Every structure is written in structure tokens, then in C-alpha cells.
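# Observations on the three-dimensional arrangement
The lines below spell out each chain.
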Amino acid sequence: MKVETRSIEYIPENERHGKARGLFPVWFGAQMHLTTLVTGALCISFGLNLFWSVMAIITGNLLGAIFMASHSAQGPKLGIPQMIQSRAQFGVIGAVIPLILVIFMYLGFFASSGLLGAQVLSNSLSIDLTWSIIIMNGITFIVTMIGHDLIHKMQKYLSWFFFIIFLAATIVVFNLPIPAESWSPAGFEFSTFMLCVSIVATWQLSFAPYVADYSRYLPIDTPPAKTFWYTYTGSVIGTVWMMLLGVLLAVSIPGYLENSGTYLSQLLGNRFVFIMLLAIFLGQLSINVFNLYGSFMSTVSTIEPFTNLKVSPKVRMFFVLGITIIGTLLTIIGKGNFLEYFTNFILLISYFLIPWTAINLVDYYVLRRGEYNIKDMFDLNGQYGKVNWITTFSFLISIIVELPFINTSIYVGPIAQSLGGADLAWIVGLIVPSFLYYVMMKRKLYHSPKVSLSESKTTNLFR
């Protein structure tokens, strides 16, 4: 398989390929891993019973994935990575603000997911944990270097593997003893329920900055509805499945979250421990490829306006290898408690990206309706300018307004405290910037010339 030669530039029509249905296994497989399972199990540790945990997981996923899949639907028409498209809202230089947050998020998830995968490798093959981290991240580097097509193909086969393994695991889990009162709708606590809905919805929203990266190679005439629904259903089904398994395991096995990987590996019995360990390892590898690929794209997107960078295969290898080394060092250093604190910090940062999602979607679907000049997204003197102060103001104000509503392990806002821990930050982070940006930007666009997307496709800049 050929190494991907494109990076952040526009994908010409003659290089487009694939079907929208190929997005289902990409996003189904991306959710079938231990981290998803543990995230679902948190609902039990926060105090919800089984019934309300299931309701929170379903609600959060159904809502959060709407925004995530709406980003995916932009890919075929625009043919560029998601964060490059942000230049149309923030300006070519202004887009660096959310990009820096995204890079931090990727590095945090890369380190935490890589550590989980390395621990499985270390325990199953009796390899030193440091070497396991290096091996894990080395494989991740190779897959990421080859790029887009290999990732799609890998996800296709892994999705079938995960489906079979976790179907067997689900049958076993449903036969575990569960306290009779677990399914009772009694004892509803609004604050705890909203906290769990927030965590689950934010889980889906965290994929928004790179979801279009995996749909941008699709033919330009791919129906947006198909792109949306294949992404949406793949992500929702995979996430709900794994989170429900986590909830059921947390209810059935006391102390499950203290050693989730070990319990999961032994779920099918001693004869199948190796297969379960392999599934856990491949799940963490799968999502870490996404983290590394996204880190690479975002880093290049950040640097390119200042350097006029052209990404050759050698430059690509330099960036991917450099990010892998940084992420590996972070993982090794963070084998103790540091990584836990750092991950919590990254989860806090992910809240700051919710206003970015709102601004991007309002701009694409309501104000400009998908009509952009792609060439100008790479031009400091183009129509999108260096910095869009309307967007910057909307983004920063929204973060400030969002802060009092946040409830995380390292920061709890005063309004969240007064509501008994209910986390409404993600709702505020969607509504406030949508209103601010729409009102101010609509007036500006009214006095600006309309630009057709077809203009951008006739340029030779990306061919």
C-alpha cells in the first residue's frame, strides 16, 4: 500500500475514492476499546443506577454524535482537513487558537491510550512497560505514516474482529448476576444524570476536530446525508455498545474500575485470555492512530501559515516521528500519577473546543451553506484574512461563560456546584457561541461578495 502523499491541502477530484458506507467501520471500530468502556462505567461510580446510566449513555451519544457527524459531512465537499476549514471562521492565523487546544488534546489522549495499550502488551508478554510503550507507539507510527487508506482498511477488518469478540463478551456479561433494583427508574438525580450525559456527549464532540479528515477523500458528489448517517450510526452504535458493557461490568463486579483491563481480559475464560488481550491492544492501537494522525495534521496546519510549508514525504516523516517521540516521552514520564492528572487537564480543555464546534457548524450550515474559497484558506491576504475578530471574540466569551457550568475532577464551576454537580457546560458552549457568531457574522457577510466553492476547484494551487 502506498504512503499517503497528501496532508492539509485540497484533495483533487481525480484522487477521490471510496464510498460513504466505508465510514461506518471507521467510526464503529474507533469506539471499540477499553477507554470507551471505562468512560461508560463512570456513570456507576458517580452514583447512577443501571437504568439511569443506560439512559444517560443513550441520550449523550444520540445528541453529541449529531455535531460530530455534521462535521464529517463537510469532508467530501470541501476536500480538506477539518481544522484547515476553521480558517474560514477564525482567519488563517486566528485558527491557531483552537489548533493549539486540539494539539494538546491529541497528545493527552495519545499518551493515555498508548499507556493502556502498552500495559496490556507488557502484562501479556512479560515485557518491560517502557519497552511496551515504545513498541506500541512504534506500530502506531508506521500505520500513521502510511496514512489515510491504510487506516480505512485497518478499521474495516478490525471492526469485524471487534464485533465477534465483543458479541461473545456481551453474552457473558448479560449472564452475570445483577442486583434486582438496578433496573429501577426510582432514585433519579438530575445533577448526576446531567453530569453523565455531559461526559458522554463531550466524548462524541471530542472527535469533531478530525472527523472530516477521514471523509475528505470521498468523491465530491457524495451525498452529505450518507456521509452523516454512516458516521453517526457507526460512532453511536460502537460507543453505546462499549459504554453499556462498562456499566454492566461495573454493576456486576465490585471494584471493576480499579483493574478494568484485567477483568475484561478474563471475561471469556482462561482459554480466550490471549484473544481478549489482543482485542484490547488493537482497540487502543486503533484509536491511537487517530490521535497521532490528527496531531500531525493539526501541527502542520498550525505551522504552515508562518512558513509556507510544503509537506513532502520526508517532511511528513519528520513531523509524525517528532510527535511520536514527544508522545512517547510523555507516556513514559506519565506512567505514575502525572498522566492521570494530565488526562484530566486534557478533558477540561475539550470543553473549550465545544464553542469551536458551534461556530464551525453555524458558519457552514447556516451562514455560508458550504460555499467557500479553498484557495483563500491558504492565503494570508485572502478573503478570510489573518484574524477574524468576530470569531475570536465569540470563542473567548463563550469559554468564559462556559466555565461556571463545568464539573470536572480538577475544576468545578460555581453554577455546577449550586446545581448539585449538574454539568451544563456543553449545552452553554453550543448555544452561546452559535448566537453570538451568527448575529455578528451575518451582518459582516451581508456586505461581503459571495464566493462559490467551484471557484476554488479550478485553481492549480492544489493540483
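As a reminder, the structure under discussion sits directly above these lines.
Note that the structure is a prediction, hence the values are computed from the model and not measured.

## Quick look at helix H2 (residues 34-45)
Relative to the 16 Å expected for twelve residues at 1.5 Å per residue, H2 spans 16 Å between its end C-alpha atoms, a close match to the ideal helical length. Of all the residues in H2, the buried ones are Leu34, Thr36, Leu37, Thr39, Gly40, Ala41, Cys43 and Ile44. Packing partners of the buried residues in H2 comprise helix H3 (50-72), helix H7 (96-125), helix H10 (190-205), helix H11 (224-252), helix H12 (260-265) and helix H13 (273-307).

## Quick notes on the nonpolar core
Of all hydrophobic cores here, the largest spans 137 residues; its most connected members are Trp27, Phe166, Leu264, Phe290 and Met377. It is H13 that contributes the most residues to this core, 15 residues altogether. Aside from chain neighbours lying at most four places away, what touches Met377 is Ile80, Ile84, Gln85, Arg87, Ala88, Val92, Tyr372 and Tyr384.

## A few points about a nonpolar patch on the surface
Taken together, Leu125, Phe272, Phe274, Ile275 and Leu278 make up a surface patch of nonpolar side chains, about 440 Å² in accessible area. For the nonpolar patch, the element with the highest residue contribution is H13, accounting for three residues. Its place among the elements puts Phe274 in helix H13.

## Some remarks on H3
Compared with an ideal rise of 1.5 Å per residue, which puts 23 residues at 33 Å, H3 spans 32 Å between its outermost C-alpha atoms and is within 8% of the ideal. The largest bend in H3 amounts to roughly 30 degrees and is located at Ala65.

## What about the packing of H3 against H11?
One way to put it is that H3 packs onto H11 with a least axis distance of 9 Å and a crossing angle of 155 degrees. Considering their axes alone, H3 and H11 lie roughly antiparallel with respect to each other. Crossing of H3 against H11: the hand is right-handed. Each residue belonging to the contact of H3 with H11 can be placed in one class, and the counts come to 18 nonpolar, eight polar and no charged.

## Looking at unusual backbone geometry
The backbone of Ser126 sits at a positive phi, close to 55 degrees, despite the residue not being glycine. With respect to the helices and strands, Ser126 occurs in the loop between H7 and helix H8 (129-146).

Reading guide: rules and limits
- Residues numbered from 1 in each chain as written.
- Predicted model: local features only at pLDDT ≥ 70, side-chain atom pairs only at ≥ 80, totals over all residues.
- Heavy atoms only, no water.
- Helix = DSSP H or I, 4+ residues; strand = E, 2+ residues; numbered from the N terminus.
- Expected span 1.5 Å × (residues − 1).
- Buried < 20%, exposed > 50% of the residue type's maximum accessible area, 1.4 Å probe, protein only.
- Contact = heavy atoms within 4.5 Å.
- Core = buried A, V, L, I, M, F, W, Y, C linked by side-chain atoms within 4.5 Å.
- Patch = residues over 30% accessible without salt bridge, like charges linked within 9 Å, V, L, I, M, F, W, Y side chains within 5 Å.
- Areas by Shrake-Rupley, 256 points an atom, 1.4 Å probe, with all protein chains shown as cover.
- Salt bridge = Lys/Arg side-chain N within 4 Å of Asp/Glu carboxyl O.
- Bend = angle between axes of the 7 residues up to and from the residue.
- Axes fitted to C-alpha atoms, helices over the stretch in contact; angles between N-to-C directions.
- Parallel < 35°, antiparallel > 145°, perpendicular 65-115°, else oblique.
- Left-handed = near helix turned anticlockwise from the far one by under 90°.
- Nonpolar A, V, L, I, M, F, W, Y, C, P; charged D, E, K, R; others polar.

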